[in-house]
Structures are given as C-alpha cells and as structure tokens.
Amino acid sequence: MTLPAKETGQVATPPPIAMLAELTHRCPLACPYCSNPLELARANEELSTSEWIETFRQAAALGVLHLHLSGGEPASRRDLIDLTKAAVSLGLYTNLITSGLGLTEARVGKLSAAGLDHVQLSIQGTRAPSADHVSGCDGGHARKLSVAGWLRDAGIPLTLNAVCHRRNMGEIEDIISLAVELGARRVEIATVQFHGWAMLNQKALMPTMDQVAKATSIVATMRARLEGVLVIDYVPADYYATYPKACMGGWGRAGFNVTPSGRVLPCHAAETIKHLAFDNVRARPLGEIWYNGGAFNAFRGDGWMPEPCRSCKRKDIDFGGCRCQAMALAGDASATDPVCRKSPRRKDVDRRIIDDTEVRDIEVSDIETPLPPFRYRGNGTLRS
C-alpha cells in the first residue's frame, strides 16, 4: 500500500519511486572515478539477507517502484539471487548495476529465472588494454563482453554504462557502436562527476572544453543515426554547464540510497555533508526516515535557499543544484551550486578548475608530460 504525500515545511513530500540498494562496497575493480566514499564499509558491517529483504518490503509499502541493486559490485554478495527473488515477489522492478565480474553464465541464468528485469553493465572503454588500465583489473574488459553475451542469451534487457573522462572521451562513438553490437537497448554516456574517489583523481580525469564539445556533438549525431535502435542517455559535464542539473530530481523528492551498513541517504554522496545525521534502517522505519528524517528535510522546499536561488525562476527546475557539489566546491552545502552561472562562486570554478585544465591541455602534451597517475579505489595504488 502506497502512503500518501505528507506536508514537510513548505512542500508536500510525495512518496519515493526509486531506491538504490548499495548491497556492498566490495568490488574486484578499482576504478579511479568511483563515487563511493573513501572509507568503504567492511563486509561484516553489511546488512544481512533478512535485513535487506525487510528493507525492500518497507520500500515497496512506501511506494517505491524501481529497485536498483548496486555496490561496489553486487555480485560479490552470495545471496544476490535470493535478494532478487524477494524483490520480485514484492512487485519491485529490479535493475542490477554491475561490472559483470562475479557473474557466471549459470548465475545469469538463475537471475533470469528469479525474474530480474534489467541489467546495467559498466564498461571503461572499447579497447581492452586501456579499459583494464582504468579499472585496475587485467582481463576485466574481455570478461564484460562475455557477460553481455550471457545476458543477451538469457533475454535480460541490457544497458551499457560508460563513465567518460579525459582519458577515454575520444572513444564515445566507439562505445555507442559497441552497445549496438552487444544488443543493448540503451547506453548511458555519463561524464565523470566529482565525488568520492573521482574527486581525489580530479586532475587526471577532468575533460577539456574541447573534449566536452566534441562529445556533445557526437551524442547528437549518433542519436539521430540510431533513432529507434538504441536509446542514448547523456550526462554532460557538470563544471562546463550553464546551469546545474536537478540532482536526484531534487533532494528527497524522488528517491533515496541505502548504504551497505543501512544508512539511508538522500543521494549517493550525501555523507560528504558532515553536519547531517543519517538514520539507519536497523533503528528506524523507512517511512519515518523518508518523511521525517532530518537529513531528508534539510534541503526540501525553498526555505533553505540563499539568493539568487530563492527568487530564481529555475528553482523548481534544478532545485538549487547539487548539495554535495556545493559542499565540495564552496565548503557550504546550503550555497548555490557553484557551477551555476548565477552563482557568485562560478568564477572560482572557472579559475581553479577549468582554466587549469585548459592550460595543461594547451601547454603540455599528455605524451611528453603524462597526467597525474590514478589513485585507485580501495588500495591507494598509484598508476600512470
């Protein structure tokens, strides 16, 4: 049963439609753009099978329709099949977000039999040597291609996910072509967003303005060429934008995340806002957290907004932008998102980040003077 919308300050809070279940932080890859926190949850902190299933039950009762099973690598959980069966039995649309590593042909078959609705498979590029270098996992790319074939054979709809950054922006057309070749119905071209390990690796990952312009053009061309064949979702570069995106469809408006240890977050990177306290499903019902949790109500409505947001005509479009991005770039989660052209801090983004990237692009060759090496997720290893 779906609970009705409730009044929260100045805004009527609708029930959520989506939940991202971060089943684990364990992962065989070490992607330098990973948005998971720098301090990863340990296996012994993770919610048990029964705790996750109870969380799914509460989510369904709350009104959630879409359940995204993610990580880390969700296939690291031995109970992935059982969790999928339970979610399906609750009427939830199930989407597995995976690197593919940890899946076997037999396990894919069991997921299909359990009723899994959809898979999003991540890739790091189209050429094995460079893709494996980015992921920190030799042989990973070849394994992903095998998994895509198993998913196709099992009849599970596939989306290909590609995080694009300075070192692979030139492969976007090839990535889209690979999606068609693998039988994907959708491809997501997502320019790297700087949270977690991505922020730590910002100088190595930040694309240039020229790369961003070319990527936008390629996506437009390929969308026209592949209309009716492949859906192409594109997440453009935040720092080059004129206005910020409506992160998560607005804070506490459409969905939420549950971490491996049970903390309930308004968005994936919310824990970077240190003054917020996050409730745990082990201690408080999900419905109470969604409607009455302090963290969720912190940035609902417009009462928290500074100028120019509060009087801006776009406040019901982008909701002031990303709170975590404001925290990262301005040191204040209540500030106007600094990527917004109306933000008084926009000049700092241009000067400290974009200008520095463009200077390095013009004055040095990446061949003669390599970009900073990656600091890999989970182990701190540096690799050029």
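Please refer to the structure higher up on the page.
A short tour of the structure in this document, coming up. The numbers attached to residues start from 1 for each chain and follow its sequence in the written order. The predicted nature of this model means local features are confined to residues of pLDDT at least 70 and side-chain atom pairs, given and counted, to a pLDDT of 80 or more, with totals for whole chains, interfaces and linings taken over all residues. The basis for every side-chain value is the complete set of heavy atoms in the structure, and neither hydrogens nor water enter the calculation.

1. A look at the overall build of the chain
We apply this condition: Secondary structure counts use DSSP, requiring at least four H or I residues in a row for a helix and at least two E residues in a row for a strand, with both numbered from the N terminus. Two things to know: the radius of gyration comes from C-alpha atoms, and the globule rule equals 2.2 Å times the number of residues to the power 0.38. Using a 1.4 Å probe on the protein chains alone, a residue whose accessible area is under 20% of its type maximum counts as buried, one over 50% counts as exposed, and one in between counts as partly exposed. Note on definitions: a residue-residue contact is assigned when non-hydrogen atoms from the two residues lie within 4.5 Å. Computed by Shrake-Rupley with a 1.4 Å probe, the accessible areas treat only the displayed protein chains as cover when residues are assessed. A residue counts as positive if it is Lys or Arg and as negative if it is Asp or Glu; His and the chain ends are not included. Charged groups are reduced to one reference atom each: NZ for lysine, CZ for arginine, CG for aspartic acid, CD for glutamic acid.
Scanning the chain for helices and strands turns up 13 helices and 13 strands. Relative to the 2.2 N^0.38 estimate, which gives 21 Å for 384 residues, the radius of gyration of the chain is 21 Å and therefore close to what a compact globule would have. Expressed as lengths along the three principal axes of its C-alpha atoms, the size of the chain is roughly 60 × 55 × 45 Å. Residues classed as buried in the chain amount to 52% of the 384 residues present. A sequence separation of at least 24 residues applies to 71% of the contacts in the chain between residues at least 6 apart. When the accessible area of the chain is evaluated, it comes to approximately 16500 Å², of which 53% is carbon and sulfur surface. Across the chain, the mean location of the 44 positive side-chain charges is 2 Å away from that of the 42 negative side-chain charges.

2. A word on the layout of surface pockets
Let me state the cut-off plainly: Method remark: on a 1 Å grid restricted to protein atoms, a set of points is classed as a cavity if a 1.4 Å probe fits but cannot get out and as a pocket if it is open with protein on both sides within 12 Å along at least five of seven lines; lining residues have an atom within 4 Å of a point. Grid points are joined across faces, edges and corners, and a volume is the space filled by probe spheres set on the points. Side-chain classes are defined by residue name, with Ala, Val, Leu, Ile, Met, Phe, Trp, Tyr, Cys and Pro counting as nonpolar, Asp, Glu, Lys and Arg as charged, and the others, Gly among them, as polar.
Empty space within the second largest pocket amounts to approximately 540 Å³. The wall of the second largest pocket is formed by 25 residues, among which Pro37, Leu38, Glu39, Glu271 and Lys274 lie closest to the centre. Elements with a contribution of two residues or more to the lining of the second largest pocket: helix H7 (197-200) and helix H12 (323-330). Per-class residue counts for the lining of the second largest pocket are 10 nonpolar, 9 polar and 6 charged.

3. A short note on the nonpolar core
It is characteristic of soluble globular proteins that their nonpolar side chains tend to be buried jointly. The cut-off we apply is this: To define a nonpolar core, start from buried Ala, Val, Leu, Ile, Met, Phe, Trp, Tyr and Cys residues and group those joined through side-chain atoms within 4.5 Å.
In this structure, Met19, Phe56, Ile189 and Phe256 are the most contacted members of the largest nonpolar core, which totals 84 residues. The element contributing the most residues to this core is helix H6 (residues 172-181), with 5 residues. Judged by nonpolar contacts, the second largest core, of 16 residues, contains Trp251, Ala269, Ala270 and Ala295.

4. Description of the pattern of salt bridges
Selection criterion: Any Lys or Arg side-chain nitrogen found within 4 Å of a carboxyl oxygen on Asp or Glu counts as a salt bridge.
This structure, assessed with the given rule, holds 20 salt bridges. Between Arg282 and Glu51 there is a salt bridge, and its shortest N-O distance comes to 3.1 Å. In this pair, Arg282 sits in the loop between strand S11 (264-265) and helix H10 (286-292) while Glu51 sits in helix H1 (residues 49-62), placing the two residues 231 residues apart along the sequence. Between Arg284 and Glu288 there is a salt bridge whose closest N-O contact spans 3.3 Å.

5. A look at the environment of Asp79
Checked against the element boundaries, Asp79 lands in the loop between strand S4 (66-70) and helix H2 (80-89). Judged by its relative accessible area of 9%, Asp79 is buried. Separated by 31 residues in sequence, Asp79 and Ser48 place their C-alpha atoms 9.2 Å apart.

6. Some words on unusual backbone geometry
The omega torsion across Gly71 and Gly72 is 10°, close enough to zero to call that bond cis. The omega torsion of the bond from Glu307 to Pro308 falls at 10°, within 30 degrees of zero and hence cis. Tracing the backbone through its elements, the reader meets Pro308 in the loop between helix H11 (294-297) and H12. The phi dihedral of Met248 falls on the positive side, at around 60°, and the residue is not glycine. By the secondary structure assignment, Met248 is in the loop between strand S9 (231-235) and strand S10 (255-258).

7. Some points on the packing of aromatic side chains
Defined as follows: Any Phe, Tyr or Trp ring, taking Trp's six-membered ring, that has another such ring centre within 6.5 Å forms a pair; planes under 30 degrees apart are called stacked, those over 60 apart edge-to-face, and the others tilted.
This structure, assessed with the given rule, holds 6 aromatic pairs. Ring geometry for Phe194 versus Tyr239: centroids 5.4 Å apart, planes at 40°, classification tilted. Within this pair, whereas Phe194 is found in the loop between strand S8 (186-191) and H7, its partner Tyr239 is found in the loop between S9 and S10, the two being separated by 45 residues in sequence. By relative accessible area, Phe194 is classed as buried at 5%. Note on Tyr239: relative accessible area 3%, which makes it buried. Through pairs of rings, three or more aromatic residues link up here, namely Trp251, Phe299 and Trp304.

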